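Summary of structural features
Residue strings, one per chain:
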Amino acid sequence: MLAVGSEWGSYASPIGGAAGRGLAREVAEEASETIGKQFARQASRELKPVVIGENMERVKAYARIIGAETIDDWLAGRQWSLELNSAWIRQMMREGRRVIDIGPDFARRADTGRVSKVYGLERRLLKGYPYYERQFLRWRKLRGGNPDVDIHESWHYILDEF
Amino acid sequence: MEDEGTIEIFLEEYTAQMNFLVTEGFCESPLVDGQSTWSSIKYKVVDLDVAFEISLDARDFIVSTYITLFTEAKRPGVFYVSQGRVIRLFLGEILKQLGTQIPSVREELKQWKADTGKHFKRIDRSLRALKMPDTKAVRELFRTDAQWVAHFLRQYGKEIIQYARNYWGL
């Protein structure tokens with residue numbers, strides 16, 4: 001998978017500023033202390049990967065294609081909350097799961113002008129996590145996506161630029 | 001948000017406003033789908049492979065309205081594209097196109113974004129502070145948006161459908 005641009009450098013709307021950074025640091029420390037690397041490597045091979053990204057219906061569609069799980073599988077009908085979302089990410093890291101990121105929903109951002117705060121939080125929590133996989137292209141702020149679920153015209157446009 | 005969930009409010013507000021699509025014989029009964037983090041309501045146009053779809057991303061309180069190629073859009077593992085073609089079009093994008101022919105649409109489109117944006121700001125403030133927004137703010141956002149979507153479908157439904165027919169060659 002070809003990756004373009006720097007998503008980390010340009011991601012603009014993390015949740016909670018200092019609060020989010022503190023939480024991310026705490027989780028990263030917890031992960032490095034509690035996960036034996038060997039255990040995590042083994043778990044990442046045995047457990048299904050999980051998919052994150054902006055727009056949950058889109059995330060679900062991609063998870064279906066690759067046979068992965070989403071937070072909905074873990075919630076199993078429970079009502080979603082910010083706390084449960086953070087708890088899910090922590091658990092996936094403790095289990096050493098592969099976390100596949102299909103990135104922002106650029107089409108929705110262009111339509112609504114809104115950016116997902118929760119996806120931003122997930123990205124912060126996963127910073128430095130060794131089994132994080134980026135599965136999307138990004139070109140400047142408003143173009144890019146994952147070719148399996150996102151709009152193709154913008155894709156070809158992006159690839160043409162190179 | 002403890003007494004009543006985001007998804008319940010979404011379903012109540014949008015089905016109430018869109019009910020005319022069914023009672024006036026324009027669409028079939030709505031199909032509701034979803035899990036803990038999202039929900040969607042699809043109104044299939046009678047005798048045409050096109051649907052109006054209203055989709056909630058419950059984690060971010062973002063509602064998107066699409067015009068979809070119905071049989072493709074309901075297939076598992078499909079989102080914006082299927083077999084190389086776009087199968088979900090944003091209502092806002094179609095209205096922008098219509099606005100080049102019908103001047104009133106341009107003003108209404110601006111007002112729609114301004115009205116919903118005002119309500120969304122309150123929700124955004126809560127999320128930034130790592131707090132769940134209050135039920136009243138969520139209901140006001142969804143009601144305002146649903147009223148606007150219903151207005152566009154009532155006023156310009158035929159033109160929107162014609163655009164979709166041309167786009168997909170139906």
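Keep in mind that what you see is a predicted model, and the values were worked out from it rather than measured.

A word on the overall build of chain B
- Assigned secondary structure in chain B consists of five helices and seven strands.
- Along its sequence from the N terminus, chain B presents helices and strands in the succession α-β-β-β-β-α-β-β-β-α-α-α.
- The C-alpha radius of gyration of chain B comes to 16 Å, within 12% of the 15 Å expected for a compact globule of 170 residues.
- In terms of principal-axis extent, the alpha carbons of chain B reach across some 45 × 40 × 35 Å.
- Taking all 170 residues of chain B together, the buried fraction comes to 56%.
- Residue pairs in contact within chain B that sit at least 24 positions apart in sequence constitute 53% of those at least 6 positions apart.
- Roughly 7,600 Å² of accessible area belongs to chain B as shown, and the carbon and sulfur atoms make up 47% of that amount.

Remarks on the confidence of the model for chain B
- Residue-level pLDDT values for chain B average 94, and 98% of them are 70 or greater.
- The complex model carries a pTM of 0.83, and its ipTM stands at 0.91.

Things to note about the pattern of salt bridges
- Scanning the model with the defined rule gives 21 salt bridges over all chains in all.
- Close ionic contact of Glu57(A) with Arg88(B) constitutes a salt bridge, the shortest N to O distance being 3.8 Å. Of this pair, Glu57(A) sits in helix H4 (residues 56–66) while Arg88(B) sits in strand E7 (residues 88–90), placing the two residues on different chains. Take Glu57(A) and Arg88(B): they sit in the same class, and that class is buried.
- For the salt bridge of Arg122(B) with Glu140(B), the shortest nitrogen-to-oxygen distance reads 2.9 Å. Of this pair, Arg122(B) sits in helix H4 (residues 103–128) while Glu140(B) sits in helix H5 (residues 135–168), and the two are 18 residues apart along the sequence.
- Overlapping salt bridges bring together Glu12(B), Glu13(B), Arg139(B) and Arg143(B) as one network.

Calculation rules
Residues numbered from 1 in each chain as written. Chains lettered and ligands numbered in written order. Predicted model: local features only at pLDDT ≥ 70, side-chain atom pairs only at ≥ 80, totals over all residues. Heavy atoms only, no water. Helix = DSSP H or I, 4+ residues; strand = E, 2+ residues; numbered from the N terminus. Rg over C-alpha atoms; globule rule 2.2 N^0.38 Å. Buried < 20%, exposed > 50% of the residue type's maximum accessible area, 1.4 Å probe, protein only. Contact = heavy atoms within 4.5 Å. Areas by Shrake-Rupley, 256 points an atom, 1.4 Å probe, with all protein chains shown as cover. pLDDT = per-residue confidence, 0-100. Salt bridge = Lys/Arg side-chain N within 4 Å of Asp/Glu carboxyl O.

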